[in-house]
Amino acid sequence: MEKGLMVMALTLADPLSGVLHDLLTARSLRERNKEVVLALVGAGNRGEVNELTRPWASRESSGGALLPAELVLTVESLLADTDTAVLRATARAGRSAWSLVAELRFDGAGHIVQCHDMLVPDDEIPDKRP
């Protein structure tokens, strides 16, 4: 160490270390919750019924739920803050389209504990398919 140069070593008891820990923890929770929502979108696009695709699910005779084969969710925006994520997406099935806004709340382990959604038929969404 050079003469006159001080080195500061942070410990977990230092206030700056606690703030840094809180920031990193909040960031990792936000990213984890975003990943869960994106995984739900992907699963829905593969035909799996989940919190986001439940409005389109129909019961088949064997008791399981089915989604329309042509259902596609497209993420428009995804925001997250600690235990909550909000998704805005466009859903298409055949020639029908909807705007979907879903708010999902997570517990500390990353499980969905609440899901509120709003589904609006959207006749104004242009068909971008070839």
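Okay, so let's go over this structure.

Calculation rules
- Residues numbered from 1 in each chain as written.
- Predicted model: local features only at pLDDT ≥ 70, side-chain atom pairs only at ≥ 80, totals over all residues.
- Heavy atoms only, no water.
- Helix = DSSP H or I, 4+ residues; strand = E, 2+ residues; numbered from the N terminus.
- Contact = heavy atoms within 4.5 Å.
- Areas by Shrake-Rupley, 256 points an atom, 1.4 Å probe, with all protein chains shown as cover.
- Phe/Tyr/Trp six-rings, centres within 6.5 Å; stacked < 30°, edge-to-face > 60°.
- Buried < 20%, exposed > 50% of the residue type's maximum accessible area, 1.4 Å probe, protein only.
- Patch = residues over 30% accessible without salt bridge, like charges linked within 9 Å, V, L, I, M, F, W, Y side chains within 5 Å.
- Salt bridge = Lys/Arg side-chain N within 4 Å of Asp/Glu carboxyl O.
- Pairing = 2+ DSSP bridges.

Within the protein, the regular secondary structure consists of one helix and six strands. Look at the contacts in the protein between residues 6 or more apart in sequence, and 35% of them connect residues 24 or more apart. About 8,900 Å² of surface is accessible on the protein, with carbon and sulfur atoms providing 57% of the total.

Tallying each qualifying case throughout the model produces one aromatic pair. Measuring from centroid to centroid gives 5.4 Å for tryptophan 56 and tryptophan 98, while their planes differ by 70°, and the two rings are edge-to-face. Of this pair, tryptophan 56 sits in the loop between helix H1 (15-45) and strand E1 (58-59) while tryptophan 98 sits in strand E5 (residues 96-106), placing them 42 residues apart in sequence. Residue classification places tryptophan 56 among the buried positions, given a relative accessible area of 11%.

The next thing to look at is a nonpolar patch on the surface. On the surface, a cluster of nonpolar side chains totalling about 400 Å² of accessible area is made up of Leu79, Val86, Val101, Met118 and Val120. Mapped onto the elements of the fold, leucine 79 is located in strand E3 (residues 72-81).

Walk down a regular strand and you will see the side chains alternate between the two sheet faces. Both strand E4 (residues 84-93) and E5 contribute to a ladder of 10 bridges, which runs antiparallel. Looking at E5, one finds that arginine 88 is bridged to valine 101. Taking the residues between adjacent antiparallel strands as the criterion, E4 and E5 are bridged by two residues, where glycine 94 takes a positive phi near 65°. Note that E5 and strand E6 (residues 112-121) share nine bridges and pair antiparallel. Looking at the pairing, glutamate 103 lines up with histidine 116 of E6. Between E5 and E6, which pair antiparallel and follow one another directly, the connecting turn spans five residues, one of which, glycine 110, has a positive phi of 90°.

Even without being glycine, threonine 82 reaches a positive phi, approximately 45°. By the element assignment, threonine 82 lies in the loop between E3 and E4. Taking relative accessible area as the criterion, threonine 82 reaches 33% and is therefore assigned partly exposed.

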